[in-house]
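What the coordinates show
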Amino acid sequence: METGGLWMLAAVGLAMLATGLPAWIVLVGVSLAFTAGGIAAGALDASLFAAIPGRIVGLLENDLLQALPLYVLMGVLINRTPLADTLFRAARAALRSTGRAVPLAGIALAVLLAPMSGSVGASVAMLSRTLHPRLAAEGMAEERNVALVCVASTLGVVVPPSLVLILLGDAMMRAHTEASHTGAFAGRILNTQDVFHAALVPAAVFLLLCIAITAWQSRRTPREERATPPARVEWITAIAAAALIVGLLAGVALGYLYAVEAAAAGGLALAIHALATGALRGGVLGTVLRETLALSGSLFALLVAATVFTLVQRAFGTDRWLAGVFASTGSAAAALGTGLATIALCALVLDAFEMIFVVVPLVAPALLARVPDAPWVAVLVLLILQASFVIPPFGYAVMMARSRIGSAVGTRALARALLPFVAAQLAVLALVAAFPAMLWRDPAPAATDAPAKGDEDALRRMLEQRDEEQAPEK
Amino acid sequence: MRVLDRCVAAAVSGAAVLVLPLAFLLFVQWPLREVVQAGSRQANDLGQVLFALYAAVAVTAATRGKVHLAADLVAHRYSPRWRGILTRASALLIAAPASAYTLYAAGPLTWQSILQLERFPETFNPGYFLVRVAAFVLAALVLAQALLDAFAPRQAPRP
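Residues numbered from 1 in each chain as written. Chains lettered and ligands numbered in written order. Predicted model: local features only at pLDDT ≥ 70, side-chain atom pairs only at ≥ 80, totals over all residues. Heavy atoms only, no water.

So, on to the overall build of chain B. Scanning chain B from terminus to terminus reveals five helices and zero strands. The order of α-helices and β-strands along chain B, N terminus first, is α-α-α-α-α. Summarising its shape, the C-alpha atoms of chain B cover approximately 60 × 35 × 30 Å along the three principal directions. In the structure as shown, chain B presents an accessible area of about 8,100 Å², 67% of it carried by carbon and sulfur atoms. Where the 14 positive side-chain charges of chain B centre and where its 7 negative ones centre are 14 Å apart. (Helix = DSSP H or I, 4+ residues; strand = E, 2+ residues; numbered from the N terminus. Areas by Shrake-Rupley, 256 points an atom, 1.4 Å probe, with all protein chains shown as cover. Lys, Arg positive; Asp, Glu negative; His and termini not counted. Charge placed at Lys NZ, Arg CZ, Asp CG, Glu CD.)

Below, the structure written as structure tokens:
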């Protein structure tokens, strides 16, 4: 019965593919079915679900999750206003001397706006509209065009303070807290700021590799047409927007602003700009608000479903079983390899949000009990998630880009076009895995090894703690 | 069913606008904390209440807008009739019982919270009971939408 949670994961993957039903419905449905089976087999208690209302209230009062609708609002506003086009035209004009202005301007646009729009879906929508038609007009092969849209859309994942990074930071903080109860390490608990900082250097390295690959791939693209240079007001708008975005990103990265406040500032600034330029006239404001509500709901539904799903997984004792597997693994490096391989396998079928809400809470606490360098583990998980977005045919960015662009490009051709970028992602992953010291860390270490406690003792403490947490709210 | 549909639609339309005051409240925390050095906790708690109510309605708005994350790789080949049956069955067998049980389990705690006009535990600001009410509203709207989807399914996305 302890492996029940793993069978639940397999059932979710199969049911999602076979039915096409929303992921949150599948997660709740699989939880209900396995709970019924567990009760029938005498392995679970019927009072298990009494904990659900308390868990939902816990989500509704989570400070960090307040950023979620704000990021969605920014993404929708960017897609509904001409700001992305203005920034693109300015970047193209600024990069004209390189001879590869269009693809490089696309990457610049993605780096600036993707962390603000927060979600990969919003970035795909923006770049499918702004970048894809221009690259097509420049004569770039369709598979390379779609590949560039996919990869550029995922840049925001690793650049703080993206939504994925915020949610992963929160999940890792919870996992680290849980792992700390084992006594396997001493020191302060990881926070989202640690994850933001740690992600900066790998993000910069990956960005440089992307620029190099794009420049190399564009060498045979026919010469660019002369585009009309942006007007003075467009230059001013582009420079002001870029300065605001860089300022907000720096404010969060350096700890002057909370991510939620930065998201709120970005959302308000975009809304005011859109109102001032008349971009929200004629019912557009209503559409923006409705889209924001619905898209926020799609993410929140996933959170609610994941909290039910992980409750049942833990009731089966899958977390105990997994913790035992990690504890019995020979070395910390082997445990890390096993944990990351598990996450990578799941990431082939589940998208980043499902991974963060369902898989990370199950795997990360056991992993962090063996490998306490939480910022390092968080960045490795982040890089795996980023890679999972662009691996065809299930990668979220790949599916979204194909659906948005309506392109008939084949999976094999797209995979070939994506190969250099995936190789670059794996190279950065290997670099971070081999050289943990390359990450930017706060002076006070998040946690240090404290081998005073044996693995078995650490495991026992973790399980006791989880048993307490699993008890339904009275 | 038509009345229920109108009620859910009204809740969705009304909640959509909450994101604007939410953005303002969460932004204004920063100057209140750093410059005015007062009122930031109140802004945070009020933002919390707005967020809870917004999120509670958002789940059903996503269902009505058909924007939930889903893997459509195989299912896009199914006929509309078969997909309709799957949607109806999932509403009746998954969403409805899960939300009904949540309502049943959350009811007493929510009622107690309302009677006591429960305050935020850290700041003692009033209004925390609204967060508990939001959890109840979330389940109630999911149940209402599940009944609508099970017994009066529509093909086109609704506002």
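The next point concerns a nonpolar patch on the surface. A surface patch of nonpolar side chains, amounting to about 500 Å² of accessible area, comprises Met1, Leu4, Leu92, Leu93 and Phe151 of chain B. Following the sequence through the fold, Leu92 of chain B ends up in helix α4 (residues 80–116). (Patch = residues over 30% accessible without salt bridge, like charges linked within 9 Å, V, L, I, M, F, W, Y side chains within 5 Å. Salt bridge = Lys/Arg side-chain N within 4 Å of Asp/Glu carboxyl O.)

Residue and element names in this part refer to chain A. The interhelical angle for the contact between helix α10 (residues 163–180) and helix α11 (residues 192–217), taken along N-to-C directions, is 125°, at an axis separation of 8 Å. As judged from the angle between their axes, α10 and α11 are oblique. Where α10 crosses over α11, the handedness of that crossing is right-handed. Only Thr192, Val195, Phe196 and Ala199 of α11 make contact with α10, whose side of the interface consists of Leu165, Ile166, Gly169 and Asp170. Within the contact of α10 with α11, the residues separate by chemical class into five nonpolar, two polar and one charged. (Axes fitted to C-alpha atoms, helices over the stretch in contact; angles between N-to-C directions. Parallel < 35°, antiparallel > 145°, perpendicular 65-115°, else oblique. Left-handed = near helix turned anticlockwise from the far one by under 90°. Contact = heavy atoms within 4.5 Å. Nonpolar A, V, L, I, M, F, W, Y, C, P; charged D, E, K, R; others polar.)

With that settled, consider empty space enclosed by the protein. By the definition in use, this model includes six cavities of 30 Å³ or more. Roughly 210 Å³ of internal volume is contained in the largest cavity. Considering the residues around the largest cavity, the lining is formed by 18 residues, among which Val28 and Val304 of chain A together with Ala98, Ser99 and Thr102 of chain B are closest to the centre. Contributions of two or more residues to the lining of the largest cavity are made by α2 (23–40), α3 (52–60) and α14 (284–316) of chain A together with α4 and α5 (128–151) of chain B. By residue number, the principal contributor to the lining of the largest cavity is α4 of chain B, which donates five residues. Among the residues forming the lining of the largest cavity, the class breakdown is 16 nonpolar, two polar and no charged. (1 Å grid on protein atoms, 1.4 Å probe; cavity = no way out; pocket = protein on both sides within 12 Å on 5 of 7 lines; lining within 4 Å. Points joined across faces, edges and corners; volume = space filled by probe spheres on them.)

Let us now look at the side chain of Ser153 of chain A. Among the secondary structure elements, Ser153 of chain A is positioned in helix α9 (residues 142–158). Only 2.5 Å separates the side chain of Ser153 of chain A from the backbone oxygen of Val149 of chain A, close enough to count as a polar contact. (Polar contact = N/O pair within 3.5 Å; in protein donor to acceptor, adjacent residues only side chain to side chain.)

Residues and elements named next belong to chain A. Under the criterion given, the structure shown has 11 salt bridges over all chains. Here Arg441 ties to Asp373 by a salt bridge, and the two come within 2.8 Å at their closest N and O atoms. In this pair, Arg441 sits in the loop between α20 (411–434) and β2 (448–449) while Asp373 sits in the loop between α17 (352–370) and α18 (374–389), placing the two residues 68 residues apart along the sequence. A relative accessible area of 31% places Arg441 in the partly exposed class. Three or more residues are tied together by salt bridges with common partners; here these are Asp85, Arg129 and Arg134. (Buried < 20%, exposed > 50% of the residue type's maximum accessible area, 1.4 Å probe, protein only.)

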